[in-house]
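In case you want the letters, here they are:
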Amino acid sequence: GIKVEARYGSSAELALALVEEGQSSPADVFLTVDAGALGAVSRAGLFAELPASILDRVDPRFTARDGSWVGVTGRVRVVVYNTQRVSESDLPPSILDYTDPKWKGRLGWTPSYGSFQAFLTALRLDKGEDVARQWVEGILKNEPRAYTQNLPMLEAVANGEIDVAFTNHYYYYRMKSQQGADFPLGIYFFRNGDPGGLINPSGAGILATAKNADEAQEFIEFLLSEEIQKYFTEQAFEYPVAKGVAPRQDLPPLESLTTPDIDLSDLQDLEETLKLLRDAGAI
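No experiment lies behind these values; they were computed from the predicted model shown.

1. Focus: the overall build of the protein
And step 1. Secondary structure summary: the protein contains 10 helices and 8 strands in total.
And step 2. Relative to the globule expectation of 19 Å for 283 residues, the C-alpha radius of gyration of the protein, 19 Å, shows essentially globular dimensions.
And step 3. Referenced to the eigenvectors of the C-alpha coordinate spread, the extents of the protein come out at roughly 55 × 40 × 30 Å.
And step 4. Residue burial in the protein is summarised as follows: out of 283 residues, 53% are buried.
And step 5. Taking all contacts inside the protein whose residues are at least 6 apart in sequence as the whole, residues at least 24 apart take part in 74%.
And step 6. Of the roughly 12900 Å² of accessible surface on the protein, 46% is carried by carbon and sulfur atoms.

The following block contains the structure:
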């Protein structure tokens, strides 16, 4: 019953727009696909602190340290591969190993996509600036195919145009559900806390200058309701983050995934990640 006016754009684009608009922004709520963009807006001091009635619904690791934003769904970074051209035993244990020349011409990535940029920010935090820059430069030497969207990239994997792709888990599950079990795609979840296995939440925050703050809070409560959390997991194959809602049975439990030891609130340094990608010629 609430009329919503939405402005769509990439995570980085909208986060930078909010920061530029500052106190004069017409936005009430920012809903986006990665913690990095949320952190950039939070660092600028543009979010209001969310009430405990919202924050208490979600596992603390998927909320901001200062309570300025809250996770809505969980998205795991994975590798998807062509099962007719690659076996799981061929895949290296770390995302860092894909700079090996044997992967030249076989890789797909989405360097302009928000969730990829959040992963790269996590890599910078986890392994340092030099390692992150060397990884980007090493991948570029392997002549990856760049895509603006993930589903076309996975279609390219299935068609044999590339052998592996760096993506989010739910794209694999969506495509397999549509194409059937024989569709030649496999999925690899990184282990041992590798930075390639980042769990990055989509999430939302309310702008401190919101003119419709009550409605914005109602919207976020709606996203965290059992009904909508079940929709996200059953229909969109994402992980629910609200307490008491179980993921799909065909998804590995979040507790079984060992992820990089970083605080998601620290993924806010989006500008340096974009600079790294631009300087390397990736975007």
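Read on, since the account is not over.
2. Some points on the nonpolar core
And step 1. Core analysis: the biggest nonpolar cluster contains 86 residues, and F30, Y98, L120, W135, F166 and L185 have the highest contact counts within it.
And step 2. At 7 residues, the largest contribution of residues to this core is made by strand β2 (residues 70–82).
And step 3. Setting aside residues no more than four positions away along its own chain, L120 makes contact with A132, W135, V136, T273, L276 and L277.

3. Here's the deal with the side chain of E238
And step 1. Mapped onto the elements, E238 comes out in the loop between α9 (226–234) and β8 (239–240).
And step 2. Taking the relative accessible area as the measure of exposure, E238 reaches 5% and is therefore buried.
And step 3. Sequence-distant contacts of E238, that is, excluding residues within four places in its chain, are made with T73, G74, R75, H169, Y170, R174, S202, F232, T233 and L251.

4. Thoughts on the packing of helix α4 (residues 114–127) against helix α5 (residues 129–141)
And step 1. It is the contact of α4 with α5, at a shortest axis distance of 6 Å, that shows an interaxial angle of 135°. One way to sum up the angle between α4 and α5 is to call them oblique. Facing α4, whose interface residues are F116, F119, L120, L123, R124 and K127, α5 presents E129, V131, A132, W135 and V136.
And step 2. A breakdown of the residues in the contact of α4 with α5 according to their chemical character gives 8 nonpolar, no polar and 3 charged.

5. So, the environment of P101
And step 1. Positionally, P101 belongs in the loop between β2 and β3 (107–109).
And step 2. On the basis of relative accessible area, P101 is assigned to the exposed category, the value being 63%.
And step 3. In this structure, the C-alpha to C-alpha distance between P101 and E272, residues 171 residues apart in sequence, is 27 Å.

6. A closer look at the pairing of strand β7 (residues 199–206)
And step 1. Counting buried positions over the 8 residues of β7 gives 8, a clear majority of the element.
And step 2. Where burial is concerned, the two faces of β7 agree: the one with I199, P201, G203 and G205 and the one with N200, S202, A204 and I206 are both buried.
And step 3. Examined bridge by bridge, strand β1 (residues 29–32) and β7 share 4 bridges and lie antiparallel to one another. Residue pairing for β7: T32 is matched across the bridge by G203.
And step 4. Pairing of β2 with β7 involves 6 bridges; the strand directions are antiparallel.

7. As for the pattern of salt bridges
And step 1. Enumeration over the complete set of coordinates arrives at 17 salt bridges.
And step 2. Residues R191 and E88 are paired through a salt bridge, measuring 3.6 Å at the closest nitrogen-oxygen approach. Placement of R191 in the loop between β6 (185–189) and β7 and of E88 in the loop between β2 and β3 is noted, with a sequence separation of 103 residues between them.
And step 3. On the basis of relative accessible area, E88 is assigned to the partly exposed category, the value being 36%.
And step 4. Here K230 makes a salt bridge to E226, at a shortest N to O gap of 3.0 Å. Here the residue K230 and the residue E226 both occupy positions in helix α9, the gap between them amounting to 4 residues, near one helical turn.

Calculation notes
- Residues numbered from 1 in each chain as written.
- Predicted model: local features only at pLDDT ≥ 70, side-chain atom pairs only at ≥ 80, totals over all residues.
- Heavy atoms only, no water.
- Helix = DSSP H or I, 4+ residues; strand = E, 2+ residues; numbered from the N terminus.
- Rg over C-alpha atoms; globule rule 2.2 N^0.38 Å.
- Buried < 20%, exposed > 50% of the residue type's maximum accessible area, 1.4 Å probe, protein only.
- Contact = heavy atoms within 4.5 Å.
- Areas by Shrake-Rupley, 256 points an atom, 1.4 Å probe, with all protein chains shown as cover.
- Core = buried A, V, L, I, M, F, W, Y, C linked by side-chain atoms within 4.5 Å.
- Axes fitted to C-alpha atoms, helices over the stretch in contact; angles between N-to-C directions.
- Parallel < 35°, antiparallel > 145°, perpendicular 65-115°, else oblique.
- Nonpolar A, V, L, I, M, F, W, Y, C, P; charged D, E, K, R; others polar.
- Pairing = 2+ DSSP bridges.
- Salt bridge = Lys/Arg side-chain N within 4 Å of Asp/Glu carboxyl O.

So far we have only geometry, and geometry alone does not tell us how the molecule works.
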